[in-house]
Amino acid sequence: MVKAVKPKKAAKSGAISGATRKRIAEEMQKFPQKRGALLEALHLVQEELGCIAPETARELAEIFEMRAVEVMEVVSFYNMFHAAPQGRHHVHVCTNLPCSLRGGRSLLRRLEEHLGIRAGETTPDGRITLGREECLGACAYAPMLRIGDTYHENLGVELAKKLLDSLE
Amino acid sequence: MGLKVPHTTNYLTEHFGDDGFVSLKGYEAQGGYEAARKALTRMQPEKLIELVKDSGLQGRGGAGFPTGLKWSFMPKDEDRPRFLVCNADESEPGSFKDRILLERGPHQLIEGILIAAWAVGAEKTFLYIRGEYSEPARVMQQAIAEAGESGYLGQGAMGTNFSHEVVLVRGGGAYICGEETGLLESLEGKKGQPRKKPPYPAEFGAFGMPTTVNNVETFCHVPHIVRRGAEWFRGIGTEKSPGTTIFGVSGHVVRPGLYELPLGTSLEQIVFGHAGGVPGGREIKGVIPGGMSMPILPAAELDVPMANESLRERQTMLGTGGIMVMDDTTCMVRVGCVIAHFFRDESCGQCTQCREGTGWMEKILNRIERGAGEEGDLEILLDVSAKMEGATICAFADAAAWPIQGLLRHFRDDFEMHLRHHRCPFHEGFRL
Ligand SMILES: Cc1cc2nc3c(=O)[nH]c(=O)nc-3n(C[C@H](O)[C@H](O)[C@H](O)COP(=O)(O)O)c2cc1C
Ligand code: SF4
Ligand code: FES
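Residues numbered from 1 in each chain as written. Chains lettered and ligands numbered in written order. Predicted model: local features only at pLDDT ≥ 70, side-chain atom pairs only at ≥ 80, totals over all residues. Heavy atoms only, no water.

A. Region of interest: the sheet that holds strand β4 (residues 150-152) of chain A. Residues and elements named next belong to chain A. The four strands lie next to each other as β2-β1-β3-β4, forming an open sheet whose pairing is mixed. On the outer flanks of this sheet lie β2 (128-133) and β4, each paired with one strand and no other. Taking the axes of each pair of neighbouring strands and ignoring which way they run, one obtains an average angle of 25° across the sheet. Bridging between strand β1 (residues 89-94) and strand β3 (residues 145-147) involves three bridges; their strand directions are antiparallel. (Pairing = 2+ DSSP bridges. Helix = DSSP H or I, 4+ residues; strand = E, 2+ residues; numbered from the N terminus. Axes fitted to C-alpha atoms, helices over the stretch in contact; angles between N-to-C directions.)

B. The site of ligand 1, seen in detail. Residue and element names in this part refer to chain B. Around ligand 1 lies a shell of 18 residues, among which G61, K70, N214, N215 and T218 are the nearest. Between ligand 1 and G178 there is a distance of 3.3 Å, counted from a nitrogen atom to a backbone nitrogen or oxygen. Between ligand 1 and the protein, one listed contact pairs an oxygen atom with a side-chain N or O atom of N214 at 2.9 Å. In isolation ligand 1 has 620 Å² of accessible area, and contact with the protein removes 89% of it. (Near = heavy atom within 4 Å. Polar contact = N/O pair within 3.5 Å; in protein donor to acceptor, adjacent residues only side chain to side chain. Areas by Shrake-Rupley, 256 points an atom, 1.4 Å probe, with all protein chains shown as cover.)

C. Layout of the packing of helix α14 (residues 352-370) of chain B against helix α16 (residues 396-410) of chain B. Residue and element names in this part refer to chain B. Close contact between α14 and α16 brings their axes to 10 Å; oriented N to C, the two are set at 20°. The angle between α14 and α16 falls in the class roughly parallel. As for the relative orientation of α14 and α16, their crossing is left-handed in sense. For the pair formed by α14 and α16, the contact residues are C354, T358, M361 and L365 on the first element and F396, A397, A400, A401 and I404 on the second. Looking at the contact of α14 with α16 residue by residue, the classes come out as eight nonpolar, one polar and no charged. (Parallel < 35°, antiparallel > 145°, perpendicular 65-115°, else oblique. Left-handed = near helix turned anticlockwise from the far one by under 90°. Contact = heavy atoms within 4.5 Å. Nonpolar A, V, L, I, M, F, W, Y, C, P; charged D, E, K, R; others polar.)

D. Representation of the interface of chain A and chain B within the structure. Taken together, the contact between chain A and chain B spans 41 residues of the former and 61 residues of the latter. Between chain A and chain B the total buried area reaches about 4,000 Å² when both faces are included, carbon and sulfur atoms providing 56% of it. When the buried area of chain A at its contact with chain B is split by residue, F77, L97 and L101 of chain A rank highest and sum to 17% of it. Viewed at the interface, chain B and chain A are joined by four salt bridges. Put simply, E153 of chain A and R99 of chain B hold a salt bridge, and the shortest N to O gap is 2.9 Å. Linking chain A with chain B are 18 residue pairs in polar contact (both at pLDDT 80 or more), by the criterion used here. Among the elements of the structure, α2 (38-49), α4 (68-77), α5 (97-101) and β2 of chain A are those that each provide at least two residues to the side of chain A that touches chain B. In terms of residue count, α2 of chain A provides more of the side of chain A that touches chain B than any other element does, six residues in total. Among the residues making up the side of chain A that touches chain B, the classes are represented as 20 nonpolar, eight polar and 13 charged. (Buried area = accessible area lost by both parts, 1.4 Å probe. Salt bridge = Lys/Arg side-chain N within 4 Å of Asp/Glu carboxyl O.)

Distances and angles like these do not, on their own, reveal function.
Spelled out as structure tokens, the structure:
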């Protein structure tokens, strides 16, 4: 299984690093078929490179011995993977029903005004991508948003704005 | 996370206020892993399956399938590798109980998994956790490592010749991967599109091998049943739905949060007694009792005991126990729009009825909400939703149709007012 992971000669910019390739190889060992590690590999690669661009998908396809188009199909099926670069910070506001009952939608609207962009867009300086999100399992602590990996719960509008302003 | 400790039986969450409980030491101090030791060293797998059958435990992932019976479906006398899957994809809007079970009681879950693995003869568990749950994943990863170092997992668990390994898998953010065969596809590194059944997972599951899929909470009940017996378990809850569950209360209540209570506790008791009722002296308009896929109940029906048998009589279901409370300022057409949008967005697109039906429902509801609804729209809505039921590869289409049917059943007035006045009559106190 590991032999499929041929480290490239020189890591060009935007290429999957040797360290990540090694971790992917380790993940593959955990599954009866190496493709089981694909989602984890996508997470790892996106954490490293910021997105799964078509050329990255081609690299992954080589590692997993699949076709690049299959990798891209998987990327586009899941909400968390992106084929194009995003802002430095991803801010996801939950607008599903329970959060909306406690102000989730108005929080999103106020943050759109604050940042001058609509949900789904990135600020011109590339600082923040604002997104609307489906239920994140924090319904009792609404309104809430997620920045990268971190949940921020029971947020007032002013507090949320401050939080966004503090992002580099 | 603000867990409220309930006043009655709460064996699952009893120690969740104690930070030490997350560690192996803290868990052992409360008798942790004794049930697994008992099961692995003194109980034959068949005996264990009988015990779980006798307990009457029903799956807590939404469908309420009897757990012991599901375990008994695993093929006997076969030497293919077998797997267990722990469904920690929790994405049903209104549900957030699995998150706390993962974050606050990781070893309780691992112990439940280990016992189940012994019962069905599984060598490996894939713990499939939704990608957004970074903190629960971190806690679980650490607990899995600890359990491995202490000889609970891995080669020769607890001095027996049984070996079990738990592999954590992060999802990619797709609601449909909570459906068990969508999950299996995702686990194999594919798009999470549900499989046609049969074959069922017990025959053809993860990587084509015999597999049992259970929800996080389902596993967590198991050590308690092994430790205290089937009779003890049946003494809690109702005759047909024994045990407790963790209700998640959200929406217009004073104290939203998680409440572990016996099944059969009345919805009224949960909403008023535990969650403190509606703030601001307002009245309740409707309550969704079991996560967003389940039909709503009007205020007049809050006396219903929260168990599947009694909820079915009211044309709804317990689902995942996610209770959403809506006060009298809530526009039920708007609620329908939010629900329909979610299902349209998350349909995996394999079945025409589901792909097209969810789109139609959203379009018609949005048009009614905007005041541009037309005569006959409600009939079309009901017709589309009826065609989605029972006609697709997975139950997602039913889950999309039911809540809209429920809104029309109980709040048809709201819809007709929109049609009559060509606008939403709920601007005052409009909170959606
Ligand atoms: C659309 C859909 C989404 C589902 N999402 C989940 C989920 O997030 N978590 C879960 O445990 N079960 C979910 N289920 C139920 C699973 O298919 C399966 O019945 C369950 O994991 C079995 O576990 P249990 O018997 O312990 O309840 C979902 C079902 C459907 C149809
Ligand atoms: S019912 Fe919907 S979600 Fe389920 S398989 Fe068909 S299209 Fe996909
Ligand atoms: S609805 Fe927002 S976290 Fe559940």
